[in-house]
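Residue-level listing of the chains:
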Amino acid sequence: MSNSHHPVRIELGGRRVNRIGYGAMQLAGPRVFGPPRDRQEAIAVLRAAVAEGVNHIDTADFYGPHVTNQIIREALHPYPDDLVIVTKVGAKRGTDGSWNTAQSPRDLTEAVHDNLRNLGVDVLEVVNLRAMFDRHAPAEGSLAEALTALAELKEQGLVRHIGLSNVTLNQVKEARGITPIVCVQNHYNLVHRADDALIDELARQDIPYVPYFPLGGFTPLQSATLSSVAARLGATPMQVALAWLLRRSPNILLIPGTSRVTHLRENLRAASLALPEDMAAELEGIAS
Ligand SMILES: NC(=O)c1ccc[n+]([C@@H]2O[C@H](COP(=O)([O-])OP(=O)(O)OC[C@H]3O[C@@H](n4cnc5c(N)ncnc54)[C@H](OP(=O)(O)O)[C@@H]3O)[C@@H](O)[C@H]2O)c1
């Protein structure tokens, strides 16, 4: 059975990708800093993802930094033709692991080149500008200077498509006046529903919405209702959380993260988990 009435694949930057992809942030070390606990498992996760049909991988050169992209390259280069790798620019790590804003034209140029080098490609398929007015949530502020610089890198042929991350609807509107926007990646899941209106608006405009922390992020979702629904469906809570997102809106593309092959396979099986109407309604009650 397929998940609800929604399409299995949707367009991302002119390519059709499966609705469940893979987010690579968990492949770096603790706090997304330094090497992973098990590099061979990290490589195995990526190879298993592609073998299972994943054709959308989310990354950033500031994961590690550099580590996650280097592992992706080692595991998958030369890349399959249908694989869309989406990366992010706009932040830089301090030597202490801190996350710092890096949005000047020079910062963005450096970040694009870091991604090209560490991924081993001549052009980046999709680059999200990650807004940093508030590191943890979308906050108003103009992205015009940064986007103009990124659009110039696109003109130079180093970037094929531009997306946004951690942004408000106003910022999406401003951005679309500067350059086409192919996706928006913000914090969203069963519990964290601040973007409900934005998702619906982007669906009307045919722009993919990619929730980050789909499973709750560093502390995965826990809820008695979620566990109860999962038990009744013979599924796991994480699979139900993903199936709920797929059902939430047809423009949602998922990038659940994991450092384990077993979890990866479990998460991908959510694509075929049908969530009945009454259980979906029950899950609505979890939102804070
Ligand atoms: N734009 C942004 O600002 C931003 C911010 C954060 C993340 N992201 C992107 O979004 C992607 C997804 O976010 P995320 O990886 O941080 O969080 P997530 O997908 O919500 O959850 C990852 C966490 O869930 C655990 N997990 C995954 N599958 C599981 C399963 N089947 N059963 C039990 N636990 C499971 C993982 O641990 P194990 O490793 O043990 O499986 C990890 O702790 C990232 O990889 C990254 O690409 C973007």
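This text goes with the structure placed above it.
Residues numbered from 1 in each chain as written. Predicted model: local features only at pLDDT ≥ 70, side-chain atom pairs only at ≥ 80, totals over all residues. Heavy atoms only, no water.

Trainee: I'm lost on the overall build of the protein in this one. Help?
Mentor: Scanning the protein from N- to C-terminus turns up 10 helices and 11 strands. Over its C-alpha atoms the protein spans a radius of gyration of 18 Å, differing by no more than 12% from the 19 Å that the globule rule assigns to 288 residues. Seen through its principal axes, the protein has C-alpha atoms that stretch 55 × 40 × 35 Å. Split into buried and exposed, the 288 residues of the protein put 55% on the buried side. Relative to all contacts within the protein whose residues are 6 or more apart in sequence, the contacts with residues 24 or more apart total 76%. Summed over all atoms, the accessible surface of the protein reaches about 12300 Å², with 51% contributed by carbon and sulfur. Across the protein, the centroid of the 28 positively charged side chains sits 4 Å from that of the 31 negatively charged ones. (Helix = DSSP H or I, 4+ residues; strand = E, 2+ residues; numbered from the N terminus. Rg over C-alpha atoms; globule rule 2.2 N^0.38 Å. Buried < 20%, exposed > 50% of the residue type's maximum accessible area, 1.4 Å probe, protein only. Contact = heavy atoms within 4.5 Å. Areas by Shrake-Rupley, 256 points an atom, 1.4 Å probe, with all protein chains shown as cover. Lys, Arg positive; Asp, Glu negative; His and termini not counted. Charge placed at Lys NZ, Arg CZ, Asp CG, Glu CD.)

Trainee: When you look at helix α9 (residues 261–268) in this model, what are you seeing that I'm missing?
Mentor: Residues of α9 that are buried include every one of V261, L264, E266, N267 and L268, and no others. Tucked inside the fold, the buried residues of α9 contact β3 (22–23), α1 (39–51) and α8 (237–248).

Trainee: Mind showing me how you'd approach the packing of aromatic side chains here?
Mentor: For any pair of aromatic rings, geometry is given as the distance between the ring centres together with the angle between the planes. The tally for this structure, following the rule as stated, stands at six aromatic pairs. Ring centres 5.9 Å apart and planes at 90° place the aromatic pair Y188 and Y209 in the edge-to-face group. In this pair, Y188 is assigned in the loop between β10 (184–187) and α6 (196–204) and Y209 in strand β11 (residues 209–212), connecting sequence segments 21 residues apart. Overall, the relative accessible area of 0% leaves Y209 in the buried class. Among the aromatic residues, those joined into a ring-pair cluster are F62, Y63 and W99. Its guanidinium or amino end placed over the ring of W99, R93 lies 3.6 Å from that ring's centre, counting from NZ or CZ. (Phe/Tyr/Trp six-rings, centres within 6.5 Å; stacked < 30°, edge-to-face > 60°. Lys NZ or Arg CZ within 6 Å of the ring centre and 35° of its normal.)

Trainee: Got a minute to help me understand the site of the ligand in this structure?
Mentor: Around the ligand lies a shell of 27 residues, among which D58, T258, S259, R260 and H263 are the nearest. G23 is positioned such that a nitrogen or oxygen atom in its backbone is 3.1 Å from an oxygen atom of the ligand. Take E266: an N or O atom from its side chain is 3.1 Å from a nitrogen atom of the ligand. With three residues, α9 is the single largest residue contributor to the shell around the ligand. Tallied by class, the residues present in the shell around the ligand amount to 11 nonpolar, 11 polar and five charged. (Near = heavy atom within 4 Å. Polar contact = N/O pair within 3.5 Å; in protein donor to acceptor, adjacent residues only side chain to side chain. Nonpolar A, V, L, I, M, F, W, Y, C, P; charged D, E, K, R; others polar.)

Trainee: Any chance you could explain the sheet that holds strand β5 (residues 84–89) here in plain terms?
Mentor: What holds strands together in a sheet is hydrogen bonding between their backbones, with the strands either parallel or antiparallel. Strand order in this open sheet of seven strands is β3-β4-β5-β8-β9-β10-β11, and the pairing throughout is parallel. Of all the strands in the sheet, just β3 and β11 have a single pairing partner and so form its edges. (Pairing = 2+ DSSP bridges.)

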